[in-house]
Amino acid sequence: QDHSPAVEAFLADQIEVLKGPSTLLYGSGAIGGIVNVVDGRIPEAAIEGGFSGRAEMRFDSVNEGNTNLVRVDGGNDRFALHADAVYRNNKDYDTPDGKQPNTFVDTKTGAVGGSLLGEWGFVGVSASRFADDYGHPGAPGALAAGERGVGLKLRPNRYDLTGALADPWGEGSSLRYSFGHTDYNHIEYEGNEVGTTFVKRADEGRIEAAFGGNSAWKGAVGMQAGDATFAAIGEESFVPETRTRSLGAFGVARRNWTDFQLDLGARIDKVEADQVTADARDFNPLSLSIAGGWRLSVQWRLKA
């Protein structure tokens, strides 16, 4: 409850829930599934009509709060630009027993992005910042004695480059590539004093080739590499500073018949965790996944 997710659903184009073999495209530790937020911060196609946008303003009586959200996209068939911003300010919310202490939220977030477009595909970049200050209602402090509770200050910055080549080896194929850098800072305050500071610096790159087109089998193969350093400083620094490097190769495939669908997936990773207080450790997880579906009718489908 004290770690805020840096996602605004209002700004998303769509939210996907992936299960089964397709989760191996992104890692080996999500056996229950993956939630993928498609935010459109790097446009992948021309903006229909040359411009689009949406905005919303909310007022809440329960916490004397207001939230303002806006997103705009524009461009032509050669380039596209994106910008979004959110401001949220909520006081402690009301309950039948009075104010719930330490439930305030103050959020400021924004992002800009742009892409070059063409029949060959696209390439684009984006930068985003998420600034969130909020209270921890589970540790409200001794208010009668003037003691502030636990408060948190979240400051992640993210920079991304993504591109794709369209139909490089036939209709329906693609070659996608991406690189991302995350600079994450998270401070937990005990009253006015800094309790614990969490810091993470991470780089990740991936390349993915999709195939299939009009053939019976469709799928993708690719590689993913990452390098991240994590440190916790202060009262909760029971996790030592650790650098984690990873390299993974994956492949997924799907075939459809009239009423049947078969999905296959495989992934192998090499992970090295090097902490400052102990020897490095290596891991080589192997993941295999298979799923099938039988469409019983328009309304019913049996999956395993």
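Above this note sits the structure.
Residues numbered from 1 in each chain as written. Predicted model: local features only at pLDDT ≥ 70, side-chain atom pairs only at ≥ 80, totals over all residues. Heavy atoms only, no water.

Turning to the overall build of the protein, a few remarks are in order. The secondary structure content of the protein amounts to zero helices and 19 strands. The dimensions of the protein, computed from C-alpha atoms along their principal axes, are 70 × 55 × 40 Å. When each of the 304 residues of the protein is scored for burial, the buried share is 35%. Counting contacts in the protein only where the partners sit at least 6 residues apart, residues at least 24 apart contribute 55% of the total. Split by element, the accessible area of the protein, about 17,700 Å² in all, is 57% carbon and sulfur. (Helix = DSSP H or I, 4+ residues; strand = E, 2+ residues; numbered from the N terminus. Buried < 20%, exposed > 50% of the residue type's maximum accessible area, 1.4 Å probe, protein only. Contact = heavy atoms within 4.5 Å. Areas by Shrake-Rupley, 256 points an atom, 1.4 Å probe, with all protein chains shown as cover.)

Grouped together as the largest cluster of nonpolar side chains are six residues: Ile42, Ile47, Ala80, Leu117, Phe122 and Ala164. When neighbours within four sequence positions are excluded, Ala80 is seen to be in contact with Pro43, Ala45, Ile47, Gly74, Gly75, Gly113, Gly114, Ser115 and Leu117. (Core = buried A, V, L, I, M, F, W, Y, C linked by side-chain atoms within 4.5 Å.)

Moving on to a nonpolar patch on the surface. A cluster of nonpolar residues, Trp257, Phe260, Trp294, Leu296, Trp300 and Leu302, forms a patch on the protein surface that exposes about 700 Å² of accessible area. Note that Leu296 resides in the loop between strand S18 (286-295) and strand S19 (301-303). We classify Leu296 as partly exposed; its relative accessible area is 47%. (Patch = residues over 30% accessible without salt bridge, like charges linked within 9 Å, V, L, I, M, F, W, Y side chains within 5 Å. Salt bridge = Lys/Arg side-chain N within 4 Å of Asp/Glu carboxyl O.)

Moving on, we get to the packing of aromatic side chains. Tallied over the full model, the rule gives two aromatic pairs. Geometrically, the ring pair formed by Phe260 and Trp294 is stacked, given 5.9 Å between the ring centres and 10° between the ring planes. Of this pair, Phe260 sits in strand S16 (residues 260-275) while Trp294 sits in strand S18; the two residues are 34 residues apart in sequence, bridging distant segments of the chain. Just above the ring of Phe10 sits the side chain of Arg54; from NZ or CZ to the centre is 5.7 Å. (Phe/Tyr/Trp six-rings, centres within 6.5 Å; stacked < 30°, edge-to-face > 60°. Lys NZ or Arg CZ within 6 Å of the ring centre and 35° of its normal.)

As a further point, take the environment of Leu296. Measuring from C-alpha to C-alpha, the distance between Leu296 and Asp259 comes to 7.4 Å, with 37 residues separating the pair along the chain. Each residue touching Leu296, except ones within four places of it in the same chain, is listed here: Arg301 and Leu302.

To continue, consider the layout of surface pockets. Volume-wise, the second largest pocket comes out at about 190 Å³. Lining the second largest pocket are 16 residues, and of these Thr103, Phe104, Val105, Tyr134 and Gly135 lie nearest its centre. In terms of residue class, the lining of the second largest pocket is built from six nonpolar, eight polar and two charged. (1 Å grid on protein atoms, 1.4 Å probe; cavity = no way out; pocket = protein on both sides within 12 Å on 5 of 7 lines; lining within 4 Å. Points joined across faces, edges and corners; volume = space filled by probe spheres on them. Nonpolar A, V, L, I, M, F, W, Y, C, P; charged D, E, K, R; others polar.)

This brings us to the side chain of Ser115. You can see Ser115 is positioned in strand S8 (residues 105-118). With a relative accessible area of 4%, Ser115 lands in the buried category. If we skip the residues at most four places from it in the chain, Ser115 touches Ile42, Pro43, Arg78, Phe79, Ala80, Phe122, Val123 and Gly124.

What follows deals with a negative patch on the surface. Side chains of Glu147, Glu190, Glu235 and Glu236 sit close together on the surface and give a patch of like negative charge. Residue class for Glu190 comes out partly exposed when judged on its relative accessible area of 36%. (Lys, Arg positive; Asp, Glu negative; His and termini not counted. Charge placed at Lys NZ, Arg CZ, Asp CG, Glu CD.)

This next bit is on the environment of Gln14. Relative to the assigned elements, Gln14 resides in strand S1 (residues 14-18). Gln14 has contacts with Asn36, Val37 and Val38, leaving out every residue within four places of it along the chain.

Moving on, we come to unusual backbone geometry. With phi around 50°, Glu64 is a residue other than glycine that occupies positive phi space. Structurally, Glu64 can be placed in the loop between strand S3 (51-60) and strand S4 (65-75). A relative accessible area of 55% means that Glu64 is categorised as exposed. Of note in this structure, Asp167 is not a glycine but carries a positive phi near 50°. If you trace the backbone, Asp167 turns up in the loop between strand S11 (157-166) and strand S12 (174-190).

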